[in-house]
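Structural overview for review
This is what each chain is made of:
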Amino acid sequence: MAEHAFTARIGWTGNRGDGTRRYHGYDRKWELVTPAGVALQCSNDPRLGGDPALPNPEDMLLASLAACHMLWYLHLASAAGIVVTDYADDPLGVAESAPDGTGRFVRAVLRPRITLAAGSDAAAADAIHAQIHAHCFIARSVAFPVDHAATYSVA
């Protein structure tokens, strides 16, 4: 097995001047900077005091899972000779929270809407989803089930 290193830089940007002296005295805002230099302003889940207008770690985990699935789907479709002309997903992540505030994701459902070129084999296109878990780093790394409920149209 070959090892691969992935990096990112995060930094808290929510100090209002007193640091964390008071629980409600600081923002939950932070910045993610990718190795490519892209900066993304983020926050915490709004239920935990975060800014609802900014992405939070849970949003990004779900987005990473859906993006990894999409990219492998496109690759495997191309390799199988299936022409995809559009792909969009509105994934659903379901989490649970305990009374002490701890929580975890319990499942995710990817819900891609895939447009196939005329003449494509929809059954073969759908079968690709079952192969992706063997490849996607993110799906192979999470400790909760990931299902898919794809819908198809023809261009």
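Not measured: the values here are computed from a predicted model.

With that settled, consider the packing of aromatic side chains. Applying the stated criterion to the full structure yields five aromatic pairs. On the basis of an interplanar angle of 45 degrees and a centroid distance of 5.7 Å, the ring pair of tyrosine 73 and tyrosine 87 is categorised as tilted. One end of the pair, tyrosine 73, is in helix α1 (residues 57-79); the other, tyrosine 87, is in strand β4 (residues 84-89), and 14 residues separate them in sequence. One exposure class covers both tyrosine 73 and tyrosine 87, and it is buried. Members of the aromatic cluster, connected to one another through ring pairs, are Trp12, Tyr23 and Tyr26. A cation sits over an aromatic face here: arginine 28 above tyrosine 23, 4.4 Å from the ring centre. Just above the ring of tyrosine 26 sits the side chain of arginine 28; from NZ or CZ to the centre is 3.9 Å.

Quick look at the sheet that holds strand β7 (residues 112-116) now. One open sheet holds the three strands; their spatial order is β4-β7-β9, and the pairing between them is mixed. Only two strands of the sheet have a single partner each, and these edge strands are β4 and β9 (151-154). Here the strands of the sheet are splayed against their neighbours by 15 degrees on average, with no regard to which way each runs. Strands β4, β7 and β9 of the sheet are contacted by α1, whose axis makes an angle of about 165 degrees with β4. Each of β7 and β9 is contacted by helix α2 (residues 122-132), which is oriented at about 145 degrees to β7, the strand it contacts most.

Calculation criteria
- Residues numbered from 1 in each chain as written.
- Predicted model: local features only at pLDDT ≥ 70, side-chain atom pairs only at ≥ 80, totals over all residues.
- Heavy atoms only, no water.
- Phe/Tyr/Trp six-rings, centres within 6.5 Å; stacked < 30°, edge-to-face > 60°.
- Helix = DSSP H or I, 4+ residues; strand = E, 2+ residues; numbered from the N terminus.
- Buried < 20%, exposed > 50% of the residue type's maximum accessible area, 1.4 Å probe, protein only.
- Lys NZ or Arg CZ within 6 Å of the ring centre and 35° of its normal.
- Pairing = 2+ DSSP bridges.
- Axes fitted to C-alpha atoms, helices over the stretch in contact; angles between N-to-C directions.
- Contact = heavy atoms within 4.5 Å.

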